[in-house]
Amino acid sequence: MKKIILLFNCILWIHFWSFGQNEISGRVVSSEDKQPLPGVSIMVKETGNGVVTDTNGTFRLNVPNAGRTLVFSFIGMATQEVSIGNQTVFEITMREEQGRLDEVVVIGYGTMDRKRLASAVSSISSDEIEKDPLPSLTQAIQGKAGGVQVTQNSGTPGGGISIRVRGTTSINASSEPLYVIDGVPVNSSTNFIGGQDFNFGGADQGINILASINPSDIASIEILKDAAATAIYGARASNGVVLVTTKRGRANESRVSINAYAGFSEVPRERWLNFMNSEEYVDYIQDLWSFRPQGGSPHPAILDTSVDTDWQRETFQTAAIQNYEVSATGGSDKTQYYTSFGYYNQEGTIKNSGFHRYSFRLNLDHQHSDRLQFNANVNLTSALNRRIQEENSRSAPIRNGLVTPPTIPVRDASGNWAFDPQVTSRENPVAWLTLPTNTAENLRILTNVGATYRITDDLSFKTNFGVDLSTIEENFFLPPNGVIFNQGIGLGGSRISKDQLFLNENFLQYQKQINETNRVDAILGMSLQESRFSFTDARRTNFPFNEIPIISAGGIISGANAGVQEWSIVSYFSRVNYSLHDKYLLTANYRVDGSSRFGALNRYGHFPSVAFAWRLGDEDFLRGNNVVENLKLRTSWGLSGNQEIPNYVNQILYSGGQVYNQQPGFLPNVYGSGELGWETTEQYNFGVDFSLFNNRINVLADYYVKNTRDLLIRVQIPRTSGYQNTFTNLGEIQNRGFEFELKSRNLTGEFVWNTSLNMTFNRNEVMALPEGDLLGGIGNFNIAREGLPLGSFFGWVMHGVNPESGLIDFERNDGTLGPPTRQEDRQIIGNPNPRLFGGITNNFFYKNFDFSVMGQFVGGVELYNYTAFYRFSGFNLSGNGDQAWTRRWRQPGDITDVPRPSPGSLDNAAVSTRWVEDGSFFRIRNITLGYTLPNTLTDRLKISNMRIYTTVQNAFVFTSYTGYDPEVNAMSSDGIAYGTDHSNYPQPRIFTGGINITF
């Protein structure tokens, strides 16, 4: 009887307990790969009820009626609180914890927990790269890292990009960072220029060699910034180091992913320039000719107002863009793989330009035994640039094409190309874009194989062999008919360039937890690297017709050339990381490099560095603090070098191919010196890392002083020596500034809002120069002068339009006004080095929707708008101009800011403040909206994940700059000239829609 009563009470208790419960269920997956997460803790807030997910990421839980909120927590993931409401089935996506101080970062020859890192390193994860459709890894860095300024030189597809890490450090040596891809320091010139004449190339634009890397293959990007981080790469690290790590397979996890997007691009209509229409133009031209000293009248054909051609509309086009990628990853406990194939195609917004790329990657890891492991990386790419003449090119469509008279049609009544009858050298811009062929095809093989052998549990030996092979084939064909240049003759050229790099690195690594308080991690190794560049080109003229664009069809060989250059470097490197109580951290590096580019007396450079960090947040007096957490103080000092100068300038050089009295000969060229040595950068860094309010806010902040001395500068020497110039080690440049990166979780729960912000304040100053001022740029507009920022603008100061003469008055150093005829009246009129730059990204998540907005900003910078010269010079006898000419000076007494036309005189167009503008801007770089299908639907479709999205790139730019785009650097090959807009290809606005599917 007692047993029956007890059983009845149990049933009654269960009945009442169940009556007060609601059963819920669901599944938890990772946001990165949509794979189930086992072991996730699910608790009913303010109760003791809870469960963990099983191996499939699923759970079931009885929730009391009083329960209102579920708390999901998992190591490495952001804790989420989800309101229960009337919902019984939950699909939860957990995202990686925003606490950056606990992440693992890649450093030179290894990895390290950020909390143990004593140096300054910025990290960009694959999540920040994958969600935006980007053509190259350099654009993936834009606005994402403190201290790193990425400038897209122009909008040309596949074109060059300039990157500065903590400022510009050199004049005649490169200021670009070193790129290391999966451990291989690659040949990565972002401005490979095949030639600057009509035979090849797009003038100063060049080719972005790094566009051959598929961004979707990248797992992470780390930028090493201070000397403590970069000194391990010594000789080439003074401009920073960009470490690129590609994706790898995971054991017992097999996935196939498809990523596809397509869309179109266009030059933003609000950024188009305002040119005069036909009626305004005719009035202007008649006025211009009235001031011509020689008299005369314009050709009647350019006064025909019945024709009104909009040359921007004829030049620009709406261009297609598409990308398709397939990747597979997986493997067993012993062997893992990652492989991908991609196709990318971007048509240019200027006719007959574009870029496409085929890419293939295979990464393998094999655990041969408990002690021996092998790895291999293979990347094959084939990229084609269809180029046009631009930046500083005689017939660039933005330079001369858009100022073609609007009264000239594209084609005449007979269907033939129409030309300017007044200035007979002016090309028809549409014909110039349509008829010539100008391509550069790059075939690249980047591969490395390596092995790791564990000698003991603490000591291992690693070896790595890398190869970077690039073959660039350039073809140029200017037909004999339809263009003015070489009319009836034509011009054809072909050039093949090969760049070969070979690398072998070997090093020992020792890792030992000595006891509870002491930990040591050390490496000792050597590296051998050599590179060989060769080229062969040929040119012909006298082509019979347009239809055969092969140079063999030309009747006359007009030129041929070939050359080969080699360089090599041998290095010995070491590093020791020591940790005491996991609170006091010491890092010391020492590297010795010997480069063939320097003289025998100074061939070897020595590059030490040391860094110390104190994890103040782990001290007893701060432990358990809920406001300030993970507080770490850092300081470092070190030296790094720069060897990026031409080969052989340490030797006496002669130029071949000379002829004297019909006999071959050589011409003295460069006077080399055996004393030529390294350009050395000494850097001090003071940093702090901390998080606030339970990792809701994470901050990395640094102050740095970066002194570059013994600048590698090319100087002119007296012609009586028989030589023209020589390289020497003289001069000093300083960069100093403050940078910080902030990541915050503003809102958590069902609606998530995260923010990433980085901001850099940098000051650049030339501290010393060998022989006074150095000039460069267009019209020697840029200057290097002691006490000033490098590349400062140097010219006359425009005072205003003289109301009596209609010409511009310029200020003289004696306080009077007059024309710009005296060189001594020139002064500093602008600074192309930004005082502030950075980026901000906001990510929003609500249920299955994600939305992100990424902005980039640059402040306190001036630009030289030389494109405006062609619209405002008032010199050309038939060129169209800006609509502002309609308010020009017309008669004595007129008060206006636009002078009268001045044919026969370039005084109004002198290098002056007239062309200097504020280049500050805020750009909404990307806007992305995505939707991930719920798991209930993907399960029915037998797939792991599906996300559809739409993106707008270069959505808006807010600026007072009057050119097409304030992000310009046309003179990228000039060591002094910065911030010049010289007929730059406009940056496009790109609309895309895409889909990601994972099986």
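Definitions and limits used
- Residues numbered from 1 in each chain as written.
- Predicted model: local features only at pLDDT ≥ 70, side-chain atom pairs only at ≥ 80, totals over all residues.
- Heavy atoms only, no water.
- Helix = DSSP H or I, 4+ residues; strand = E, 2+ residues; numbered from the N terminus.
- Buried < 20%, exposed > 50% of the residue type's maximum accessible area, 1.4 Å probe, protein only.
- Contact = heavy atoms within 4.5 Å.
- Areas by Shrake-Rupley, 256 points an atom, 1.4 Å probe, with all protein chains shown as cover.
- Lys, Arg positive; Asp, Glu negative; His and termini not counted.
- Charge placed at Lys NZ, Arg CZ, Asp CG, Glu CD.
- Pairing = 2+ DSSP bridges.
- pLDDT = per-residue confidence, 0-100.
- Core = buried A, V, L, I, M, F, W, Y, C linked by side-chain atoms within 4.5 Å.
- Salt bridge = Lys/Arg side-chain N within 4 Å of Asp/Glu carboxyl O.
- Patch = residues over 30% accessible without salt bridge, like charges linked within 9 Å, V, L, I, M, F, W, Y side chains within 5 Å.
- Expected span 1.5 Å × (residues − 1).
- Polar contact = N/O pair within 3.5 Å; in protein donor to acceptor, adjacent residues only side chain to side chain.
- Phe/Tyr/Trp six-rings, centres within 6.5 Å; stacked < 30°, edge-to-face > 60°.
- Lys NZ or Arg CZ within 6 Å of the ring centre and 35° of its normal.

**Observations concerning the overall build of the chain**
Consideration 1: Across its full length, the chain carries 10 helices and 52 strands.
Consideration 2: Seen through its principal axes, the chain has C-alpha atoms that stretch 130 × 70 × 65 Å.
Consideration 3: Every one of the 999 residues in the chain was classed for burial, and the buried ones make up 57%.
Consideration 4: Intrachain contacts of the chain at a sequence separation of at least 6 include 70% that bridge at least 24 residues.
Consideration 5: Accessible surface, the chain: about 40200 Å² in total, of which carbon and sulfur atoms supply 56%.
Consideration 6: Of note, the chain has its 83 positive side-chain charges centred 5 Å away from the centre of its 98 negative side-chain charges.

**Quick word on the environment of Ala231**
Consideration 1: Considering the arrangement of structural elements, one finds Ala231 in the loop between helix H4 (227–230) and strand E16 (241–246).
Consideration 2: With relative accessibility at 0%, the residue Ala231 sits in the buried group.
Consideration 3: Between the C-alpha atom of Ala231 and that of Gly108, which follows or precedes it by 123 residues, the distance is 9.2 Å.
Consideration 4: With near-sequence residues (within four places) excluded, Ala231 lies in contact with Asn589, Arg591, Phe607, Pro608, Ser609 and Leu639.

**Regarding the sheet that holds strand E10 (residues 121–125)**
Consideration 1: Strand order in the open sheet formed by five strands is E10-E15-E16-E13-E14, and the pairing between neighbours is mixed. Single-partner strands in this sheet number two, and they are E10 and strand E14 (184–185).
Consideration 2: Here E10 pairs with strand E15 (residues 218–224) via five bridges, running antiparallel. Within the sheet, the bridge partner assigned to Ser125 lies in E15 and is Ser220.

**Regarding the confidence of the model for the chain**
Consideration 1: Confidence in the prediction of the chain, expressed as mean pLDDT, is 87, and 93% of residues score 70 or more.
Consideration 2: Every residue in residues 1–20 is under pLDDT 50, and counting partners more than four places away or in other chains gives five contacts.
Consideration 3: For the stretch residues 190–203, pLDDT sits under 50, and the model shows 68 contacts to residues farther than four places along the chain or on other chains.

**Quick notes on the nonpolar core**
Consideration 1: One finds Phe316, Ile350, Phe781, Tyr864, Trp915 and Tyr964 to be the most contacted residues of the largest nonpolar core, which totals 48 residues.
Consideration 2: For this core, the secondary-structure elements that each account for two or more residues are helix H5 (278–290), helix H8 (429–434) and helix H9 (867–872).
Consideration 3: If one sorts the elements of this core by residue count, H5 sits on top with six residues.
Consideration 4: Setting aside residues no more than four positions away along its own chain, Tyr864 makes contact with Ile778, Phe781, Phe793, Val911, Trp915, Gly979, Thr980 and Asp981.

**Topic: the side chain of Gln987**
Consideration 1: Within the secondary structure layout, Gln987 lies in the loop between strand E51 (980–981) and strand E52 (989–998).
Consideration 2: What Gln987 contacts, discounting residues up to four positions off in sequence, is Gln152, Ser154, Gly155, Pro268, Arg923, Arg925, Asn954, Asp965 and Glu967.

**Brief notes about the pattern of salt bridges**
Consideration 1: Here the structure, examined in full by the defined rule, presents 48 salt bridges.
Consideration 2: In this structure, Asp457 engages Arg454 in a salt bridge whose closest nitrogen and oxygen atoms are separated by 3.0 Å.
Consideration 3: For Asp457, a relative accessible area of 59% corresponds to the exposed category.
Consideration 4: Owing to a relative accessible area of 32%, Arg454 belongs among the partly exposed residues under this scheme.
Consideration 5: Salt-bridge contacts for Asp689 lead to Lys632; the nearest nitrogen and oxygen are separated by 3.5 Å. In this pair, Asp689 is assigned in strand E32 (residues 679–692) and Lys632 in strand E29 (residues 628–642), connecting sequence segments 57 residues apart.
Consideration 6: Classification of Lys632 by relative accessible area gives buried; the value is 3%.
Consideration 7: Here the residues in one salt-bridge network are Asp113, Arg116, Asp582, Arg615 and Asp618, joined through shared partners.

**Details of unusual backbone geometry**
Consideration 1: The backbone phi angle of Asn352 is positive, close to 70°, even though this residue is not glycine.
Consideration 2: Mapping Asn352 onto the fold places it in the loop between strand E19 (335–347) and strand E20 (354–367).
Consideration 3: For Phe693, which is not a glycine, the phi torsion comes out positive at approximately 55°.
Consideration 4: By the element assignment, Phe693 lies in the loop between E32 and strand E33 (697–709).

**Considerations on the environment of Leu639**
Consideration 1: In this fold, Leu639 is placed in strand E29.
Consideration 2: Judged by its relative accessible area of 11%, Leu639 is buried.
Consideration 3: Here the alpha-carbon distance between Leu639 and Gln336, two residues 303 residues apart in the chain, equals 39 Å.
Consideration 4: Non-local contacts of Leu639, meaning those with residues more than four positions away in its chain, are made with Ala227, Ala231, His606, Phe607, Pro608, Thr680, Thr681, Glu682 and Arg709.

**So, the sheet that holds strand E42 (residues 808–811)**
Consideration 1: Read across the open sheet, the three strands follow the order E41-E42-E43; overall the sheet is antiparallel. Sheet topology places strand E41 (798–801) and strand E43 (817–818) at the edges, where each strand pairs with a single neighbour.
Consideration 2: Here E41 pairs with E42 via three bridges, running antiparallel. Bridge assignment links Gly800 to a residue of E42, and that residue is Asp809.

**Observations regarding the pairing of strand E9 (residues 110–113)**
Consideration 1: As paired elements, strand E8 (residues 104–107) and E9 share four bridges and run antiparallel to each other. Residue pairing in the sheet places Val105 in a bridge with Met112 of E9.
Consideration 2: The antiparallel hairpin formed by E8 and E9 contains two residues in its connecting segment, where Tyr109 sits at a positive phi of about 60°.

**Let's talk about a nonpolar patch on the surface**
Consideration 1: On the surface, a nonpolar cluster with roughly 530 Å² of combined accessible area is contributed by Leu747, Phe751, Tyr846, Phe849, Phe851 and Leu929.
Consideration 2: Turning to its location among the elements, Tyr846 is positioned in strand E45 (residues 836–846).
Consideration 3: Accessibility expressed as a relative area gives 38% for Tyr846, which makes it partly exposed.

**Overview of H5**
Consideration 1: The terminal C-alpha atoms of H5 lie 18 Å apart, and with 13 residues this matches the ideal 18 Å at 1.5 Å per residue to within 8%.
Consideration 2: Along H5, the residues classified as buried are Ser278, Tyr281, Val282, Tyr284, Ile285, Asp287, Leu288 and Trp289.
Consideration 3: At the N-terminal end of H5, a side-chain oxygen is found 3.2 Å from the backbone nitrogen of Glu279, two or three residues along, and the residue is Asn277.

**Details of the packing of aromatic side chains**
Consideration 1: This model, assessed by the stated rule, comprises 30 aromatic pairs.
Consideration 2: Note on Phe751 and Tyr846: the rings are 6.5 Å apart at their centroids and 50° apart in plane angle, and the pair reads as tilted. Of this pair, Phe751 sits in strand E37 (residues 751–768) while Tyr846 is found in strand E45, placing the two residues 95 residues apart along the sequence.
Consideration 3: Classification of Phe751 as partly exposed rests on a relative accessible area of 35%.
Consideration 4: Where Tyr864 meets Tyr866, the ring centres are 5.5 Å apart and the plane angle is 55°; that geometry is what we call tilted.
Consideration 5: With relative accessibility at 14%, the residue Tyr866 sits in the buried group.
Consideration 6: An aromatic cluster of three or more residues is present, and its members are Phe781, Phe793, Tyr864, Tyr866, Phe869, Tyr870 and Trp915.
Consideration 7: Lying over the aromatic face of Phe535, Arg495 brings its terminal NZ or CZ to 4.4 Å of the ring centre.

**Concerning the environment of Ser175**
Consideration 1: Its location among the elements puts Ser175 in the loop between strand E12 (161–165) and strand E13 (178–181).
Consideration 2: Taking the C-alpha atoms as reference points, Ser175 and Asp310, separated by 135 residues in sequence, lie 40 Å from one another.
Consideration 3: Contact partners of Ser175, with chain neighbours within four places excluded, come to Ile163, Arg164, Thr168, Thr169, Ser170 and Asn239.
Consideration 4: Engagement of the side chain of Ser175 in a polar contact is seen with the backbone nitrogen of Ser170, the distance being 3.3 Å.

**Section: the pairing of strand E47 (residues 862–865)**
For a regular strand, side chains alternate in direction, first toward one face of the sheet and then toward the other.
Consideration 1: Alternating residues of E47 divide into Glu862 and Tyr864 and Leu863 and Asn865, and every residue in both groups is buried.
Consideration 2: For E47 and strand E48 (residues 916–918), the ladder comprises three bridges, and the chain directions are antiparallel. Residue Glu862 lies in a different strand from E48, and its bridge partner there is Asp918.
Consideration 3: Where E47 meets E51, two bridges bridge the pair, whose relative direction is parallel. Pairing of Tyr864 across the sheet is with Thr980, part of E51.

**Considerations on the side chain of Asn833**
Consideration 1: Tracing the backbone through its elements, the reader meets Asn833 in the loop between strand E44 (827–830) and E45.
Consideration 2: Within the structure, Asn833 has its side chain in polar contact with the backbone oxygen of Leu790 (distance 2.8 Å).
Consideration 3: Once you skip the residues sitting within four places of it in the chain, Asn833 turns out to touch Asn764, Pro789, Leu790, Gly860 and Val861.

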